[in-house]
Amino acid sequence: MINRLGRHFEKHNARTPWDFCWRTAIEGMLLSFAVVIVLGMFVREPPRDMVEWSAAQLIALAVVAAPVIETLLFQVIPISIARALR
């Protein structure tokens, strides 16, 4: 297990910063699509108040709120749980 982890980080260190950035962006986008598809299975129609939102409000939500929520859900909470469990 430790040997496999070491090889993983060796490959990571060999990548250029640009290579790391585009791979991370694609991973994030694919994960977002997967979450939307799964959530779409449970929601039959969009909420009525969501339909009435303006394009500016939706863009603000996507640009301001979504990164904060993503950071909390997928970075802060798992790290906090891992630290609590040592």
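Computed from a prediction, not measured in an experiment: that's the story for all the values here.

Chemist: Break down the overall build of the chain for me, citing the residues and quoting the values.
Modeler: Per the secondary structure count, the chain includes four helices and zero strands. Each helix and strand of the chain, placed in order from N terminus to C terminus, yields the pattern α-α-α-α. Whereas a compact globule of 86 residues would reach a radius of gyration of roughly 12 Å, the chain reaches 18 Å, over 25% beyond that. Along the three orthogonal principal directions, the C-alpha set of the chain runs to about 55 × 35 × 25 Å. Counting across all 86 residues of the chain, residues that qualify as buried make up 1%. Within the structure as shown, the chain displays about 8200 Å² of accessible surface, and the carbon and sulfur contribution to it stands at 70%. For the chain, the centre of its 9 positive side-chain charges and the centre of its 7 negative side-chain charges are spaced 13 Å apart.

Chemist: Please set out the environment of Gln57 residue by residue, giving values where relevant.
Modeler: By secondary structure assignment, the location of Gln57 is in helix H4 (residues 55-85). Each C-alpha atom of the pair Gln57 and Val76 lies 26 Å from the other, and the pair is 19 residues apart in sequence.

Chemist: Quick rundown of the environment of Leu39? Include the residues and the values.
Modeler: Counting through the fold element by element, Leu39 comes out in helix H2 (residues 17-42). Taking the C-alpha atoms as reference points, Leu39 and Phe9, 30 residues apart in sequence, are found 33 Å from one another.

How each quantity is defined
Residues numbered from 1 in each chain as written. Predicted model: local features only at pLDDT ≥ 70, side-chain atom pairs only at ≥ 80, totals over all residues. Heavy atoms only, no water. Helix = DSSP H or I, 4+ residues; strand = E, 2+ residues; numbered from the N terminus. Rg over C-alpha atoms; globule rule 2.2 N^0.38 Å. Buried < 20%, exposed > 50% of the residue type's maximum accessible area, 1.4 Å probe, protein only. Areas by Shrake-Rupley, 256 points an atom, 1.4 Å probe, with all protein chains shown as cover. Lys, Arg positive; Asp, Glu negative; His and termini not counted. Charge placed at Lys NZ, Arg CZ, Asp CG, Glu CD.

Without other data, these values stay purely geometric and don't point to any function.
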